[in-house]
Amino acid sequence: MHSNGKEKVVVEVVAAHNLMPKDGEGSSSAFVEVEFENQRQKTQVKHRDLNPVWNEKLVFHVNDVADLPYRTIEVNVFNERRSNNSRNFLGKVRVSGSTIAREGEEMPQLYTLDKRSLFSHVRGELSLKLYLSTKEEVKQVINGGGTGAVVSGGGGSGGVVSKKNKKMQHQSGNLVVPKQMGSGQENSKMGLGLQNNHGHLKPVEPGPGDIKPVVITTVPGPVIPTSGGGAAVSHHGGVNGGGGGHFRGGFSNDYALKETSPHLGGLNNDKTTSTYDLVEQMQYLYVRIVKARDISVFGGGGEVVAEVKLGNYKGITKRVSSGHAEWDQVFAFSKDTIQSSVVEVFVKENNNKDDFLGRVWFDLNEVPKRAPPDSQLAPQWYRMEDKKGDRSNPKCSELMVAIWFGTQADEAFAEAWHSKAANVHFDGLCSIKSKVYLSPKLWYLRVGVIEAQDVLLGDKGASMNMMRYPELFAKVQVGNQVLRTRIASPTASRSLANPTWNEDLLFVVPEPFEDYLMISVEDRLAPNRDELVGRVILPIGNIERRFDDKFVVSRWFNLETHESKSAVRFASRIHLRASLEGGYHVLDEATMYSSDVRPTAKQLWKPHIGVLEVGILGATNLMPMKIKEGKGGSTDAYCVAKYGQKWVRTRTVVDSLAPKWNEQYTWEVFDPCTVISIGLFDNSRVDKSPTGRDTRIGKIRIRLSTLETDKVYTHAYPLLMLHPSGVKKMGELHLAVRFSCANMFNVLHMYSMPLLPKMHYVQPLSVSQLDGLRYQAMNVVSSRLSRSEPPLGREVVEYMLDHDSHMWSMRKSKANFLRLTSVLSWFVAMTRLVETLMTWRKPVYSTLFLIVFTVLVLVPELIIPCGLLTLATMGMWRYRCRPRHPPHMDTRLSYAESVHPDELDEEFDSFPTNRTAEIVRMRYDRLRSVAGRIQTVVGDMATQGERFQALLSWRDPRATFLFVILCLLAAFGFYLVPIRWVVAFGGWWYLRPPKFRNKLPSSVVCFFKRLPTNADSML
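Attention here is on the structure that accompanies the text. Computed from a predicted structure; not experimentally measured. (Residues numbered from 1 in each chain as written. Predicted model: local features only at pLDDT ≥ 70, side-chain atom pairs only at ≥ 80, totals over all residues. Heavy atoms only, no water.)

The next point concerns a nonpolar patch on the surface. Taken together, Val844, Tyr845, Leu848, Ile851, Val855, Leu858, Val859, Leu862, Tyr975, Leu976, Val977 and Trp981 make up a surface patch of nonpolar side chains, about 1,200 Å² in accessible area. At the level of secondary structure, the elements contributing two or more residues to the nonpolar patch comprise helix H10 (843–858) and helix H14 (957–976). Summarising the element assignment, Leu858 is placed in helix H10. (Patch = residues over 30% accessible without salt bridge, like charges linked within 9 Å, V, L, I, M, F, W, Y side chains within 5 Å. Areas by Shrake-Rupley, 256 points an atom, 1.4 Å probe, with all protein chains shown as cover. Salt bridge = Lys/Arg side-chain N within 4 Å of Asp/Glu carboxyl O. Helix = DSSP H or I, 4+ residues; strand = E, 2+ residues; numbered from the N terminus.)

Here four strands make up an open sheet; going across it, the order is E3-E2-E5-E6 and the pairing antiparallel. Of all strands in the sheet, those with a lone pairing partner are strand E3 (39–42) and strand E6 (86–96), marking the two edges. When strand polarity is set aside, the average angle formed by the axes of neighbouring strands in this sheet is 20 degrees. The pairing of strand E2 (residues 30–36) with strand E5 (residues 72–81) spans six bridges and is classified as antiparallel. In the sheet register, Glu35 faces E5, and the bridge partner there is Glu74. (Pairing = 2+ DSSP bridges. Axes fitted to C-alpha atoms, helices over the stretch in contact; angles between N-to-C directions.)

So, about helix H6 (residues 767–785). Taking 1.5 Å per residue as the helical rise, H6 with its 19 residues ought to reach 27 Å, and the 27 Å between its terminal C-alpha atoms agrees with that figure. Taken as a whole, H6 has its buried residues at Leu773, Arg774, Gln776, Ala777, Met778, Asn779, Val780, Val781, Ser782, Arg784 and Leu785. Considering only its buried residues, H6 is in contact with strand E24 (435–438), strand E25 (442–453), strand E27 (481–484), strand E28 (500–510), strand E39 (646–649) and helix H7 (794–800). (Expected span 1.5 Å × (residues − 1). Buried < 20%, exposed > 50% of the residue type's maximum accessible area, 1.4 Å probe, protein only. Contact = heavy atoms within 4.5 Å.)

Along strand E20 (residues 358–363), the buried face is formed by Gly358, Val360 and Phe362; none of Arg359, Trp361 and Asp363, which line the opposite face, is buried. Examined bridge by bridge, strand E19 (residues 342–349) and E20 share six bridges and lie antiparallel to one another. Considered in E20, the bridge of Val342 is made with Asp363.

The next thing to look at is the sheet that holds E24. Read from one edge to the other, the open sheet built from five strands follows the order E24-E39-E38-E41-E42, with strand pairing classed as antiparallel. Only two strands of the sheet have a single partner each, and these edge strands are E24 and strand E42 (695–703). Recorded for the sheet is a direction-independent mean angle of 20 degrees between the axes of neighbouring strands. Relative to E39, strand E38 (residues 637–643) runs antiparallel, the two sharing four bridges. When the sheet's bridge partners are listed, Ala641 is paired in E39 with Val648.

It is worth spelling out empty space enclosed by the protein at this point. Applying the stated criterion across every chain yields a total of eleven cavities of 30 Å³ or more. As a volume, the largest cavity reaches approximately 190 Å³. Around the largest cavity sit 17 residues that line it, and Leu442, His585, Val586, Asp596 and Gln645 are the ones nearest its centre. When the residues that make up the lining of the largest cavity are grouped by side-chain class, the tally is five nonpolar, six polar and six charged. (1 Å grid on protein atoms, 1.4 Å probe; cavity = no way out; pocket = protein on both sides within 12 Å on 5 of 7 lines; lining within 4 Å. Points joined across faces, edges and corners; volume = space filled by probe spheres on them. Nonpolar A, V, L, I, M, F, W, Y, C, P; charged D, E, K, R; others polar.)

On to the packing of aromatic side chains, then. If you walk through the whole model with that rule in mind, you get 19 aromatic pairs. An angle of 55 degrees between the planes, with centres 4.9 Å apart, marks the rings of Phe948 and Phe1008 as tilted. In this pair, Phe948 sits in helix H13 (residues 917–949) while Phe1008 sits in helix H16 (residues 1003–1009), placing the two residues 60 residues apart along the sequence. Using a relative accessible area of 56% as the deciding quantity, one classes Phe948 as exposed. A relative accessible area of 19% places Phe1008 in the buried class. The interplanar angle of 20 degrees and the centroid separation of 6.5 Å between the aromatic rings of Phe985 and Trp989 together place this pair among those described as stacked. (Phe/Tyr/Trp six-rings, centres within 6.5 Å; stacked < 30°, edge-to-face > 60°.)

For Thr891, the location among the structural elements is in the loop between helix H11 (863–877) and helix H12 (901–907). Taking relative accessible area as the criterion, Thr891 reaches 3% and is therefore assigned buried.

Cis peptide bonds are those with omega within 30 degrees of zero, and the linkage from Glu511 to Pro512 qualifies with -10 degrees. Looking at the element boundaries, Pro512 is found in the loop between E28 and strand E29 (516–526). Cis peptide bonds are those with omega within 30 degrees of zero, and the linkage from Glu789 to Pro790 qualifies with 0 degrees. Note on placement: Pro790 falls in the loop between H6 and H7. Notably, Asp294 is not glycine yet its phi reads approximately 60 degrees, a positive angle. On the secondary structure map, Asp294 appears in the loop between strand E14 (283–293) and strand E15 (303–310). Taking the relative accessible area as the measure of exposure, Asp294 reaches 54% and is therefore exposed. Even without glycine at this site, Asp802 takes up a positive phi of about 55 degrees.

Right, dumping it as structure tokens:
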């Protein structure tokens, strides 16, 4: 195979030293297995050698060299056991792609072998050389014992593998599977060619170098498809013959979660980055322009600006008066974009861009470095040189400047002007800064409208009073939230002027309490025609607050009527009971994704149990979200994370499909069974003509209870979005997450506590109330955050709070049905197992079960202990198969890969619909068909329940008579015969061999199916 010019990753396995003996005879037959981007290769086996030397080159395809620092090479050392065709684990090494050198610069590195689990017995070192090469070629070898046959194939036809080669490969063969990286459509079309190539190995002695490996591994994926009639090669080394390949299980590896481990600050033992130990360190040059003095401007007035120039980057301050030139602005230049060794600061007149009044320049080699724990660098006065470069003139102006090298941990980082935002217009600069937002503290306001007294009808109502009864109702308004009571019904004990309602209305109000509570009594004259009878306005801050279910005293309030201005002897009154509920938690997000479950009142809060730290590293392979003139597709991405009341927003990285933020945030955790949501958006306010709405790119959720304590999870999460055309991967979001706690007992104690505060159980709210209140809370939060600077748009808040989670979707209905069938699959499995035992298809199992069943019946004290012991044993056995990665968006679980296009179009339809009548009619008929099946199932369930009720209803007198007689006989029988013998006889009878069975249904089943139901009475 000729080189195609693409660089390959070469892993040269040099040697190993002091391996653990695993063959039972004081030695080991070692071989090395290397895996990189779902490609796996093996070295030859070195028999009975604890210090083997291989000097073998293993070559791998690499899709994008720029992503190499986020990839990892996993190297495992095994001992071959020929007796049973198995292998023993000798150790593993994980090497970061950032340590891979260029060809000609490679050096052998010595790695210490690590354990695979807590009980692994591992020792020794492994020497490797890793480098990029364009000369080496990927070898596709299926090798048995190191001397197997080489399989090759063309691009159009797949390779043919014999059964002998399959067996040899299964035992100890080399198998290389290059994974075609790209879009899902390309993966389905591209074939897998196996080529023959022999490389020449050069012996290299291992060196004494010692570095720490960095972990970047990918989650095992599905079968790689092949073209034509080729064989499908799995990631685990198996070869499956067949026609056109397809993904096993229908799950694309492109949507899988990937584990990464970049150079985090906490892993480098760098004390200067201890507070930012979950992000990569980023170097910046900071220039702080404070003020200037003694500026001489022609004419004695005008405005001046300061300009910072570093190579092709220019930063300009705001305009100030020359007589009072104070800016106090900071400019940050990323170290990887520095194009010059000198930074210049100019002071210019506002209307003169070419000429300057003075200049100060600094040599970057002389700029000091500042660590975050130190205080801020004090600015100094520098004499500026004039146009001729002369500073000796005592009349020269002076500029106060501070310049230093720092990291993103610097206090000036958040408010600094960044060099990568040089093309952003002035109005959009404020929208690209990182900010922390706090949701307003939300309260439930309960207003109990009891009754009214001496209500005087309005002029229109009084004139119509002879012809109708007044239809009085109360309307309560808080801000833009309006609720109404029912119309008071006339009663014999009360006059028409004294209506009664006795209704509780709930609202969501934020702190500080700026709104007013307005209660009005109105008369319904006609549909959509109401007349105001009287009203009362109360400040919300004066309403009583309660933290439990204590009784709130009601009060009478005078109503302002249409005759209030004239002298009246009495006033209409309304009886109210109002309180601010501090014992509830105001739900502003979906209950299943709640990030905070504390009550509103701070007096009821308990101490936090842990700390959640999230490092937002960056994103890769983002889809272009907009088209810019002269630049093509581009994305101005920023991240938003929400947990509890705290929202964080990273800075916007302009014009980048692979942005890097490296920002770290911390939250206090009060309950481990909560979820943090992180979304990615495209900033629309960066453009000169902003559209006003930020485009969503993707969102992920992480449940804290699925994270191990004090462990750093570094993964690349796929950003999946559902579009009308189907599911699309919008990119990958790289995060570092750590959940730590000081006292594990407090965390475990939380699992025994109620999920919601006490008031949710003492005075529970209905489901419809919670839905309406959640919508109100979302409106309050979005309106408050949109008033911040920079504003957090309503579209961002709605997407983060899952505002449309309650909308109908055929796809979600099918997904939930599949989830339900998966949950009930254990019941189906147990039913099939009992059927297998009952039919004696496996006589040994049936006999053993009968023996165990008899023992448990005779010794019933063992039933509960044996059941609990079985559950404990299953739990311990499954510990080794526990999930090692946090859950992520699953397209297969969401039923997003095989959904019908029309169902997607229906899901993205607005409410109410805007589709044509034909489409709506077709969807309505489809919904009727689905509802008809559900109706049939519900009817069948009701039929079975009514048959149970018919046993004693005497609706069928003969059947009820038989049942009563059988119950009497059974009562005497159970009294005379010990219960254990009855159970034993029943079990033996139920599990009797097929020879003693009858294919007809039993008499009990026949009797039950003959019972009457209410279906006979239905129309």
